[in-house]
Amino acid sequence: MLKLGEKGAIPQKDNETYAIAPHIPCGVVTPDLLRKIADVSEKFNAQAIKITGATRIAIVGLKEEDIDSAWEELGLDKGAAVGLCVRSIRSCPGNTFCKIGKQDSLGLGMALDKKYHGFKLPGKFKMAVSGCHLSCAESWVRDIGFIGKKDGWTLTIGGNVGAHPRIGEELLTGLDDKAALDVVDKVVAHYQENAKPGERLGKMIDRLGLDGFKAAVG
């Protein structure tokens, strides 16, 4: 069996087949891309196509000998679905499409994805951008979360789901897009310098204290 993440493949329950999840920034697709994914899935007899919780599209149930060919025909980057890195950025439609969106979550999400997707860090790291207070991208439970408000972005840090869920801490408010991107650089750098191997951002904050974090990146 291939190792977890080798060739962008994820071993499945049957210990015989794999899933692959192409990188689809912020979950925005075109009809042509959907057709290509469907064609590759059919050609290599995939067992299922699954829209994942991180808005990727996983092709499930591929044989090992078909992995390389499937990637070649897709012509897409491998999604950072596993490993100690920045995973795919989640984003709601924001004010591009949604009536109640206050900020351009797709624009900010795409910028974050372009810079950080797959970026290696001490632990896995998730980001989400929500265009309004309803937080449809679940920003409160991501390592970095943005929530759009009338006066700009509110930044939350240290959230996560999993066996021990943690709601993020509100760090800054009233950020424009440039300020939002700048503070992400500071948060990521501070985490990179101070986190223990495998330690999520929230656990690092619990260990070192929120006040010190604010002083470092505020």
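Relevant structure appears above.
A brief look at the structure comes next.

1. Some remarks on the packing of aromatic side chains
- Evaluation of the coordinates by the stated rule reveals 3 aromatic pairs.
- Ring geometry for Tyr116 versus Phe119: centroids 5.6 Å apart, planes at 85 degrees, classification edge-to-face.
- Given the relative accessible area of 6%, Tyr116 is considered buried.
- Here Phe125 and Tyr191 contribute two aromatic rings whose centre-to-centre distance is 5.2 Å and whose plane-to-plane angle is 50 degrees, an arrangement assigned as tilted. Here Tyr191 lies in helix α5 (residues 177–194) and Phe125 lies in the loop between α4 (105–116) and β6 (127–130), a separation of 66 residues in the sequence.
- The ring of Trp71 carries the charged tip of Lys78 above its face, separated from the ring centre by 5.0 Å.

2. Considering the sheet that holds strand β3 (residues 48–51)
- The strand order across the open sheet built from 4 strands is β1-β2-β4-β3, with neighbouring strands paired in antiparallel fashion. Only two strands of the sheet have a single partner each, and these edge strands are β1 (9–11) and β3. With direction set aside, neighbouring strand axes in the sheet form an average angle of 30 degrees.
- Both β1 and strand β2 (residues 17–20) contribute to a ladder of 3 bridges, which runs antiparallel. Looking at the pairing, Ile10 lines up with Ala19 of β2.
- Those strands touched by helix α1 (residues 31–43) are β3 and β4 (57–63), and its axis lies near 15 degrees from that of β4.
- Sheet strands touched by helix α2 (residues 67–74): β1, β2 and β4. Its angle to β2, the strand with the most contacts, is close to 20 degrees.

Criteria and cut-off values
- Residues numbered from 1 in each chain as written.
- Predicted model: local features only at pLDDT ≥ 70, side-chain atom pairs only at ≥ 80, totals over all residues.
- Heavy atoms only, no water.
- Phe/Tyr/Trp six-rings, centres within 6.5 Å; stacked < 30°, edge-to-face > 60°.
- Buried < 20%, exposed > 50% of the residue type's maximum accessible area, 1.4 Å probe, protein only.
- Helix = DSSP H or I, 4+ residues; strand = E, 2+ residues; numbered from the N terminus.
- Lys NZ or Arg CZ within 6 Å of the ring centre and 35° of its normal.
- Pairing = 2+ DSSP bridges.
- Axes fitted to C-alpha atoms, helices over the stretch in contact; angles between N-to-C directions.
- Contact = heavy atoms within 4.5 Å.

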